[in-house]
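Given next are the chains, with one letter for each unit.
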Amino acid sequence: MIRTFFCTAACALTFVACQPTAKKLPIIGEREVVQKEIEGKMVADTIYPTIPKFEFLNQDSVMLSDKFFDNKIYVANFFFTHCPSICPTMQRNLLKAYEKYKNDNRIAFLSHSIDFKYDQPHVLKSYASKLGVDNEQWQFVTGTKAAIYGLSDKYLVYTKEDASVPGGYDHSGYLVLIDHDKRIRGAYDGTNSEEVEKLLADIDILLQEYK
Amino acid sequence: MRLFHIFIILGITIFSLAYLASCHSNLNIETAQYAVNGQKLYTTNCQNCHGAKGEGLGKLYPPLTDAAFFKDNRAKLSCMVKNGMQGEIIIHGQVFNEKMPANPQLSELDIAYILTYITTNFTQSDSIYSHQEVKEALKNCN
């Protein structure tokens, strides 16, 4: 009983103590520590996993690369246009973020289609405009199975072609927040409105780092 | 004293009648039951696309709030839910033209529950889609 009280008190104190300092988002993924020589001295350097370079066709049939997202933060996800399960909810929620930050060039959005057979650029274009996306801030891309599915691993998002699930593709509905250094700073269940609220709050926190 | 009793009885009668009348203007008990059962089924089978409030999503998925559409297409609604649909439809004056998937897993009664939930919650309809009505409608799907 007394222990519980002290624990609670300690927690409360920590919480209060933390309040004044600006909150920072964690860097997600397994980090690696390497020894580096700087001015003749060996120093330890921590390397965080990053999203590698990529190049995909977008909804305008134009090659879009990681360069588009340089000096921006962005939110990425994986979906397909005729997905009957989680995608509509996930895209409805991401649309909230898009509308909130529309025309704010510090932030962009990137949806990768995992249906490499059907979701050609014109299909993505029609989908995007019907969703209500009318500028280049939210990109929809398609690529080879190897490229898209390989990259989803880097975003820590599960994707799989699976004939036994509705729509033919299985995947998780995470919205992944990426910083200027292409590091993962948060992952949010795009079908859960509380987590989407947290994403919106975390976007503001991350934007503070680049003021 | 006797007059006083009469007043009380009269008062109670008027009150009860008023109460009953107000009940009547809402849903009757069976419709309400159908709608409650329909809510759960709606969440599982329909909400992803059509939204928690039946608001739809952009021009991809139509909202389920057009009372006139429901009225004009009453006989076709059961088939739409069961077999899906494609082709152009106009909802609130807006054209939608996407394919809706079929829902073969839903029973006749499930569909009656769902349609009752949708029309009483997202439009101001107070009418029930009975099991019998859905059964008949499904016989005449194209």
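Described in the following lines is the structure provided in the data block. Since this is a predicted model, take the numbers as computed values, not measurements.

1. Digging into the layout of surface pockets
Taken as a whole, the largest pocket spans an internal volume of roughly 1,300 Å³. C49(B), Y61(B), K99(B), M100(B) and P101(B) are, among the 47 residues lining the largest pocket, the residues nearest its centre. Going through the elements one at a time, α3 (121-131) of chain A together with α2 (29-45), α3 (47-50), α4 (67-72), α5 (74-83), β1 (89-91) and α6 (108-122) of chain B are the ones with two or more residues in the lining of the largest pocket. Looking at the lining of the largest pocket element by element, the count peaks at five residues for α3(A). Here the lining of the largest pocket is built from residues that sort into 28 nonpolar, 15 polar and four charged.

2. Looking at the sheet that holds strand β5 (residues 73-79) of chain A
Residue and element names in this part refer to chain A. Spatially, the seven strands line up as an open sheet ordered β4-β3-β7-β6-β5-β10-β11, and their pairing is mixed. Each end of this open sheet is capped by a strand with a single partner; those strands are β4 (63-65) and β11 (184-189). Neighbour-to-neighbour, the strand axes of this sheet turn through a mean angle of 35°, independent of strand direction. Relative to strand β6 (residues 107-113), β5 runs parallel, the two sharing seven bridges.

3. A few points about the packing of α6(B) against helix α7 (residues 131-139) of chain B
Two numbers describe a pair of packed helices, the interaxial angle and the distance between the axes. Residues and elements named next belong to chain B. Interhelical geometry of α6 versus α7 gives an angle of 115° and a closest axis separation of 8 Å. Accordingly, the angle class assigned to the pair α6 and α7 is roughly perpendicular. For α6 against α7, the interelement crossing comes out right-handed. Every residue of α7 that contacts α6 at E108, L109, I111 and A112 is listed here: H131, V134, K135 and L138. Here the residues of the contact of α6 with α7 are counted per class, giving five nonpolar, one polar and two charged.

4. What about the state of the cysteines?
Counted according to the given criterion, the structure contains two disulfides over all chains. The residue that forms a disulfide with C79(B) is C141(B), at a sulfur-sulfur distance of 2.0 Å. Looking along the S-S bond of the C79(B)-C141(B) disulfide, the torsion reads about -95°, which is the left-handed sense. Placement of C79(B) in helix α5 and of C141(B) in the segment after α7 is noted, with a sequence separation of 62 residues between them. On the accessibility criterion, C79(B) (12% relative accessible area) is buried. Its sulfur unpaired, C46(B) is 9.1 Å from the next cysteine sulfur, which belongs to C49(B). Judged by relative accessible area, C46(B) falls into the buried class, the value being 12%. Between C49(B), a free cysteine, and C83(A), which holds the nearest cysteine sulfur, the sulfur-to-sulfur gap is 8.0 Å.

5. Notes on the environment of K135(B)
Residue and element names in this part refer to chain B. Checked against the element boundaries, K135 lands in helix α7. The partly exposed category is assigned to K135, whose relative accessible area is 37%. Along the sequence, K135 and S107 sit 28 residues apart, while their C-alpha atoms lie 9.6 Å from each other.

6. Focus on the nonpolar core
Formed by 57 residues in total, the largest nonpolar core has its most connected members in Y74(A) and Y155(A). The contact partners of Y155(A), leaving out residues within four places of it in the chain, are I51(A), F54(A), Y74(A), A76(A), F78(A), L110(A), H112(A), V176(A), I178(A) and I184(A). With 25 residues, the next largest nonpolar core counts L41(B), F70(B), L106(B) and I111(B) among its residues.

7. Observations regarding the interface of chain A and chain B
On the side of chain B, 15 residues touch chain A, which itself brings eleven residues to the contact. Approximately 980 Å² of surface area, both sides summed, lies buried where chain A meets chain B, with 53% of it carried by carbon and sulfur atoms. Among the residues chain A hides against chain B, the three largest losses belong to P88(A), R92(A) and K130(A). Together they make up 60% of the total. Run the count over chain A and chain B and you get two salt bridges. Among the salt bridges present, the one from E55(B) reaches R92(A), with a minimum N-O distance of 3.7 Å. Counting the contacts that link chain A with chain B gives seven residue pairs in polar contact (both at pLDDT 80 or more). Residue assignment for the side of chain A that touches chain B shows that the elements contributing at least two residues are α2 (87-100) and α3 of chain A.

Parameters at a glance
- Residues numbered from 1 in each chain as written.
- Chains lettered and ligands numbered in written order.
- Predicted model: local features only at pLDDT ≥ 70, side-chain atom pairs only at ≥ 80, totals over all residues.
- Heavy atoms only, no water.
- 1 Å grid on protein atoms, 1.4 Å probe; cavity = no way out; pocket = protein on both sides within 12 Å on 5 of 7 lines; lining within 4 Å.
- Points joined across faces, edges and corners; volume = space filled by probe spheres on them.
- Helix = DSSP H or I, 4+ residues; strand = E, 2+ residues; numbered from the N terminus.
- Nonpolar A, V, L, I, M, F, W, Y, C, P; charged D, E, K, R; others polar.
- Pairing = 2+ DSSP bridges.
- Axes fitted to C-alpha atoms, helices over the stretch in contact; angles between N-to-C directions.
- Parallel < 35°, antiparallel > 145°, perpendicular 65-115°, else oblique.
- Left-handed = near helix turned anticlockwise from the far one by under 90°.
- Contact = heavy atoms within 4.5 Å.
- Disulfide = S-S within 2.5 Å.
- Buried < 20%, exposed > 50% of the residue type's maximum accessible area, 1.4 Å probe, protein only.
- Core = buried A, V, L, I, M, F, W, Y, C linked by side-chain atoms within 4.5 Å.
- Buried area = accessible area lost by both parts, 1.4 Å probe.
- Salt bridge = Lys/Arg side-chain N within 4 Å of Asp/Glu carboxyl O.
- Polar contact = N/O pair within 3.5 Å; in protein donor to acceptor, adjacent residues only side chain to side chain.

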